[in-house]
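# Inside the fold
Given next are the chains, with one letter for each unit.
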Amino acid sequence: MKHFFSIIGGMGTIATESYVRLINHRVKIARDQDYLNYILVNDAQVPDRTAYIKDHSKPNFFYDLKDDVEGQDKLGTDFLVMPCNTAHYFYDDLAALTDKPFLHMMRIAVHNFLDNYPDEEKIGLIATEGSIYDHLYADEIKKVGRKVELGGPEIQPMVNELIYSDIKEKGTVDHDLYHKILQTMHDKYGCNVILLGCTELSLAQEKAPDHPYNVIDPQSIIADVSIELALKIRNGMDPKEACAKYMYE
């Protein structure tokens, strides 16, 4: 297969399925050959990311992802994307394993916020406890000169219920709970824009978009970027040149 990109997924599988569905349905097609070429590595055995980040005695998820990235590098992928926010804890180590462009979903999402809401001084953040605990998004947001609002103690339990109890365990999205989280972040904590810092939350946005709140959805954004880059490379652009504008430091 010529000119393909690699998806390092399975974290979790339903969230990865959402990303794949987005790229398949958003690319403009008139025939089968217009779809994108990609390899999906749905590594469902990657250990829990949040568990390790909060407690290093738990299984380290780096080594599973290392094998996945090195395998795709050997196959000659044009670029890599990893639709899991919390797994970006090891982004630098993983990107160092390949000379192929490795998109940083979190940085791309933060710069999308800057581009689309240049006058907003802060952004609300809802995410896994792992991402919150290790400041994965907070550091990226502060790096570009914006403030982070995490809300009060009632927010994380609701987010955990939506991510783990509903989506990961049951495979369903609680529309009302998702909307309640957004409403609370907006009304109580003054967040005009809310960043969905977990791909399960991106799935919630896909399934329950009928709300009035402004969200930054990293999975939706990276899906559009993936399509853009794959088409540019298919049309003859060098992969590194095509990806250069999204390789934020």
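Small disclaimer: the values here were computed from a predicted structure and weren't measured.

## Considering the pairing of strand β1 (residues 5-9)
In summary, the side chains of a regular strand alternate between the two faces of the sheet. Here β1 lies mainly inside the structure; five of its five residues are buried. Across five bridges, β1 lies against strand β2 (residues 38-42) in parallel orientation. Bridge pairing in β2 links S6 to I39. Between the parallel elements β1 and β2, the chain passes through helix α1 (residues 13-26) in a crossover that is right-handed. In this sheet, strand β3 (residues 80-81) lies alongside β1 in parallel orientation, the contact comprising two bridges. Bridged to S6 within β3 is L80.

## What to know about the sheet that holds strand β4 (residues 122-127)
Strand order across the open sheet formed by four strands is β5-β4-β6-β7, with parallel pairing between neighbours. On the outer flanks of this sheet lie β5 (147-149) and β7 (214-216), each paired with one strand and no other. Going from strand to strand, the sheet's axes swing by 35 degrees on average, the running direction of each strand aside. Across three bridges, the pairing between β4 and β5 is parallel. Its bridge partner lying in β5, K122 is registered against K147.

## Some thoughts on the state of the cysteines
Tallying each qualifying case throughout the model produces zero disulfides. We note that C84 lacks a disulfide partner, and the nearest cysteine sulfur, in C198, lies 7.0 Å from it. For C84, a relative accessible area of 5% translates into the label buried. Among the cysteines around C191, which has no disulfide bond, C198 carries the closest sulfur, lying 18 Å off.

The rules behind these values
- Residues numbered from 1 in each chain as written.
- Predicted model: local features only at pLDDT ≥ 70, side-chain atom pairs only at ≥ 80, totals over all residues.
- Heavy atoms only, no water.
- Buried < 20%, exposed > 50% of the residue type's maximum accessible area, 1.4 Å probe, protein only.
- Helix = DSSP H or I, 4+ residues; strand = E, 2+ residues; numbered from the N terminus.
- Pairing = 2+ DSSP bridges.
- Right-handed = clockwise from strand over helix to strand, strands pointing away.
- Axes fitted to C-alpha atoms, helices over the stretch in contact; angles between N-to-C directions.
- Disulfide = S-S within 2.5 Å.

So far we have only geometry, and geometry alone does not tell us how the molecule works.
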